Amino acid sequence: MKPKYKFNLISKINTASNKIIIKTLLLCLFLSICFAYVSEKTGWLEIDWKIIFIPALLVLQIIIIGKALQNRYKKL
C-alpha cells in the first residue's frame, strides 16, 4: 500500500536560492582552509584547526538573518 502523502526532501532542498547558499558556504570553507594551510606552511600565523569552520558558520548566520529580514519586510 502506498502512503497517502509523499514527502520529498531532496526537491525541497534543491532550489535555486539554496544552491547559491550552499556554494557560498563551500567557497567560504575552502578559502578558510586554504588560508590556514598557507599561513601554517609559511609560519606567518599559527591557526588552530578546531576553529576553521567559524567563518563558514558566520556566513550562514548572516544569510539566514538576511533572508528572515527580507521575508519579514516583503509582506509590508
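Residues numbered from 1 in each chain as written. Predicted model: local features only at pLDDT ≥ 70, side-chain atom pairs only at ≥ 80, totals over all residues. Heavy atoms only, no water.

Enquirer: Whenever I open this one, the overall build of the protein chain confuses me. Can you help?
Expert: Check the secondary structure of the protein chain and you find three helices and zero strands. Secondary structure of the protein chain in N-to-C order comes out as α-α-α. Look at the contacts in the protein chain between residues 6 or more apart in sequence, and 43% of them connect residues 24 or more apart. For the protein chain, the accessible area works out to roughly 7200 Å², and carbon and sulfur atoms hold 69% of it. (Helix = DSSP H or I, 4+ residues; strand = E, 2+ residues; numbered from the N terminus. Contact = heavy atoms within 4.5 Å. Areas by Shrake-Rupley, 256 points an atom, 1.4 Å probe, with all protein chains shown as cover.)

Enquirer: Would you mind showing me how to read a nonpolar patch on the surface here?
Expert: On the surface, a nonpolar cluster with roughly 390 Å² of combined accessible area is contributed by Ile33, Tyr37, Val38 and Trp49. If you trace the backbone, Ile33 turns up in helix H2 (residues 16-42). Classification of Ile33 by relative accessible area gives partly exposed; the value is 36%. (Patch = residues over 30% accessible without salt bridge, like charges linked within 9 Å, V, L, I, M, F, W, Y side chains within 5 Å. Salt bridge = Lys/Arg side-chain N within 4 Å of Asp/Glu carboxyl O. Buried < 20%, exposed > 50% of the residue type's maximum accessible area, 1.4 Å probe, protein only.)

Enquirer: It is not clear to me how the side chain of Ser32 should be interpreted in this structure. Could you clarify?
Expert: Among the secondary structure elements, Ser32 is positioned in helix H2. Engagement of the side chain of Ser32 in a polar contact is seen with the backbone oxygen of Cys28, the distance being 2.9 Å. With near-sequence residues (within four places) excluded, Ser32 lies in contact with Ile52 and Pro55. (Polar contact = N/O pair within 3.5 Å; in protein donor to acceptor, adjacent residues only side chain to side chain.)

Enquirer: Help me out: how do you make sense of the side chain of Ser39 in this one?
Expert: Looking at the secondary structure, you find Ser39 in helix H2. A polar contact of 2.9 Å, which involves the side chain of Ser39, links it to the backbone oxygen of Phe35. Once residues lying within four places of it in the same chain are set aside, the contact partners of Ser39 are Trp44, Leu45 and Ile47.

Enquirer: Before we go on, may I ask you to explain the environment of Ile22 in this structure?
Expert: Its location among the elements puts Ile22 in helix H2. By relative accessible area, which is 42% here, Ile22 ends up partly exposed. Remark: the alpha-carbon pair of Ile22 and Leu60, spanning 38 residues in sequence, is separated by 9.1 Å.

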